[in-house]
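Topology and contacts: notes
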Amino acid sequence: MIATVSCLVCDAELEVAAATEKGEIVECASCGQEHEVVDATDGRVAVELAPEVEEDWGE
Ligand SMILES: [Zn+2]
């Protein structure tokens, strides 16, 4: 089963497997924004923008 949510940035449809668990990251195929799954119950999935991870290259 697949649940769908709208990308919070570009409104494209994201497909999220119903087996997805809270805390997983889903990337928008359209704009690349990462979303964190904050709720996944009974095939309904809620996402929030994932915090941006800034790479520290240790210059
Ligand atoms: Zn998007």
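Heads up: the structure comes first, above all this text.
Source: prediction; values computed, not measured.

This next bit is on the overall build of the protein chain. When its secondary structure is counted, the protein chain shows zero helices and five strands. Shown N-terminal to C-terminal, the secondary structure of the protein chain runs as helices and strands in the order β-β-β-β-β. A principal-axis box enclosing the C-alpha atoms of the protein chain has dimensions of 45 × 20 × 15 Å. For the protein chain, the residues scored as buried account for 22% of the 59 residues in total. Contacts in the protein chain between residues far apart in sequence, at least 24 positions, make up 17% of those at least 6 positions apart.

All of the protein donors around the zinc ion are C7 (SG), C10 (SG), C28 (SG) and C31 (SG); their distances to the metal are 2.3 to 2.4 Å. Around the zinc ion sit four donor atoms, and with donor-metal-donor angles ranging over 107 to 115 degrees the site reads as tetrahedral. Going along the chain, you hit the donors of the zinc ion in the pattern C-x2-C-x17-C-x2-C. A residue pair is termed long-range when its members are at least 10 positions apart, and C10 in the loop between β1 (2–6) and β2 (13–17) and C31 in the loop between β3 (25–27) and β4 (34–41) qualify at 21 residues. A residue is classified by how much of its surface remains accessible, and C10, at 33% relative accessible area, is partly exposed.

Moving on to the side chain of T20. Looking at where T20 falls in the secondary structure, it is placed in the loop between β2 and β3. For T20, a relative accessible area of 11% puts it in the buried group. With sequence-adjacent residues up to four places away left out, T20 is seen in contact with V37 and A40.

Our focus in this paragraph is a nonpolar patch on the surface. On the surface, L8, V9 and L49 cluster together into a nonpolar patch covering about 270 Å² of accessible area. Tracing the backbone through its elements, the reader meets L49 in strand β5 (residues 44–49). Judged by its relative accessible area of 44%, L49 is partly exposed.

Another point: a negative patch on the surface. There is a patch of like negative charges on the surface, built from E27, E34, E52 and E54. Structurally, E54 can be placed in the segment after β5. In this structure E54 comes out as exposed when scored by relative accessible area, which is 71%.

Ordered by their spatial adjacency, three strands build an open sheet running β3-β4-β5, and the pairing between neighbours is antiparallel. Where the open sheet ends on each side, the last strands, each with one partner, are β3 and β5. When strand polarity is set aside, the average angle formed by the axes of neighbouring strands in this sheet is 45 degrees.

Thresholds, definitions, all that
- Residues numbered from 1 in each chain as written.
- Predicted model: local features only at pLDDT ≥ 70, side-chain atom pairs only at ≥ 80, totals over all residues.
- Heavy atoms only, no water.
- Helix = DSSP H or I, 4+ residues; strand = E, 2+ residues; numbered from the N terminus.
- Buried < 20%, exposed > 50% of the residue type's maximum accessible area, 1.4 Å probe, protein only.
- Contact = heavy atoms within 4.5 Å.
- Donors = N, O, S within 2.8 Å, 3.2 Å for Na, K, Ca; no water.
- Tetrahedral: all angles 85-135°; square planar, octahedral: opposite > 155°, others 65-115°.
- Patch = residues over 30% accessible without salt bridge, like charges linked within 9 Å, V, L, I, M, F, W, Y side chains within 5 Å.
- Areas by Shrake-Rupley, 256 points an atom, 1.4 Å probe, with all protein chains shown as cover.
- Salt bridge = Lys/Arg side-chain N within 4 Å of Asp/Glu carboxyl O.
- Lys, Arg positive; Asp, Glu negative; His and termini not counted.
- Charge placed at Lys NZ, Arg CZ, Asp CG, Glu CD.
- Pairing = 2+ DSSP bridges.
- Axes fitted to C-alpha atoms, helices over the stretch in contact; angles between N-to-C directions.

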